[in-house]
Amino acid sequence: MDTMEINKGIAAILVAGIAFFVTGMISDGLVRTHPLEHSAIKIEGAATTAPAAAPEAAKEELAPIAPLLAAADPAAGELTAKKVCAACHTFIEGGKAGVGPNLYGVVGGPVRHMAGFKYSDAMQKHDEPWSFEALNVWLKKPAAYAPGTRMAFAGINSDKQRADVIVYLRSLAKEPVALPK
Ligand code: HEC
């Protein structure tokens, strides 16, 4: 090996060392000068310790429901419901349970409104009736409203579509509950 080779070797080691050192400094600087404002990873299940807080937390991101319901279209909601909810739910009075409970009269009704249906523990943690607001939060993301729910449905992301479905559900009653002002 001549000196040139040895020099190259030493240079390579030095460069590697410097690179290592500089990378360390940069990442150190990044971590120190830019602490994350929010946790980078949202831990959905974390709400299980405080079930009552989950709907509140989810609700904050939602637009007010009253104007959405006022503009909603029950016929469009029925189409959506028949397409995406009917796999698990029936809608007529006295309809049988499927994977999920019958939904006749659910709006304004108590949570776990179908007698005899075996609801999950996640649903047992809820006491509040199915108000328009509660349904809005639930249907946006069931797993956020009731972590651990057996309703294996991701949710309806569109505010308009969700409102349409909710006014359709409202129509499934002898005397539909008054829309919120
Ligand atoms: C894959 C099956 C499935 C689909 C699809 C589904 N659900 Fe459900 N749903 C369930 C199950 C199961 C429950 C009971 C949840 C539990 O006990 O955790 C439920 C519960 C509910 C409840 C609460 C009823 C009560 O008595 O408290 C409402 C309201 C509801 N679903 C509405 C809907 C709507 C509206 C859609 C369509 C947009 C829908 N679901 C789609 C399975 C489903």
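Data block above holds the structure.
Bear in mind the structure is a predicted one, so any value in this text is a computation, not a measurement.

The rules behind these values
Residues numbered from 1 in each chain as written. Predicted model: local features only at pLDDT ≥ 70, side-chain atom pairs only at ≥ 80, totals over all residues. Heavy atoms only, no water. Donors = N, O, S within 2.8 Å, 3.2 Å for Na, K, Ca; no water. Tetrahedral: all angles 85-135°; square planar, octahedral: opposite > 155°, others 65-115°. Helix = DSSP H or I, 4+ residues; strand = E, 2+ residues; numbered from the N terminus. Buried < 20%, exposed > 50% of the residue type's maximum accessible area, 1.4 Å probe, protein only. 1 Å grid on protein atoms, 1.4 Å probe; cavity = no way out; pocket = protein on both sides within 12 Å on 5 of 7 lines; lining within 4 Å. Points joined across faces, edges and corners; volume = space filled by probe spheres on them. Nonpolar A, V, L, I, M, F, W, Y, C, P; charged D, E, K, R; others polar.

K.L.:
Where do I start with the coordination of the iron atom of the ligand in this structure?
P.N.:
The reference angle at a metal is 109.5 degrees if four donors form a tetrahedron and 90 or 180 degrees if six donors form an octahedron. Binding of the iron atom of the ligand to the protein goes through H89 (NE2) and M151 (SD), at separations of 1.9 to 2.1 Å. One way to put it: the six donor atoms around the iron atom of the ligand meet at angles of 85 to 179 degrees, and that makes the site octahedral. Linking H89 in the loop between α4 (74-85) and α5 (121-124) with M151 in the loop between α7 (142-145) and α8 (159-171), this pair joins segments that are 62 residues apart in sequence. By relative accessible area, H89 is classed as buried at 13%.

K.L.:
Could you clarify how one ought to interpret the layout of surface pockets in this entry?
P.N.:
Any empty space left between the atoms is revealed when a probe the size of a water molecule rolls over them. The computed volume of the largest pocket comes to approximately 490 Å³. Residue lining of the largest pocket: 27 residues in total, with H89, G100, P101, W138 and M151 positioned closest to the centre. Among the secondary structure elements, those contributing two or more residues to the lining of the largest pocket are α4, α6 (132-140) and α8. At three residues, the largest contribution of residues to the lining of the largest pocket is made by α6. Of the residues belonging to the lining of the largest pocket, the class tally is 19 nonpolar, five polar and three charged.

So far we have only geometry, and geometry alone does not tell us how the molecule works.
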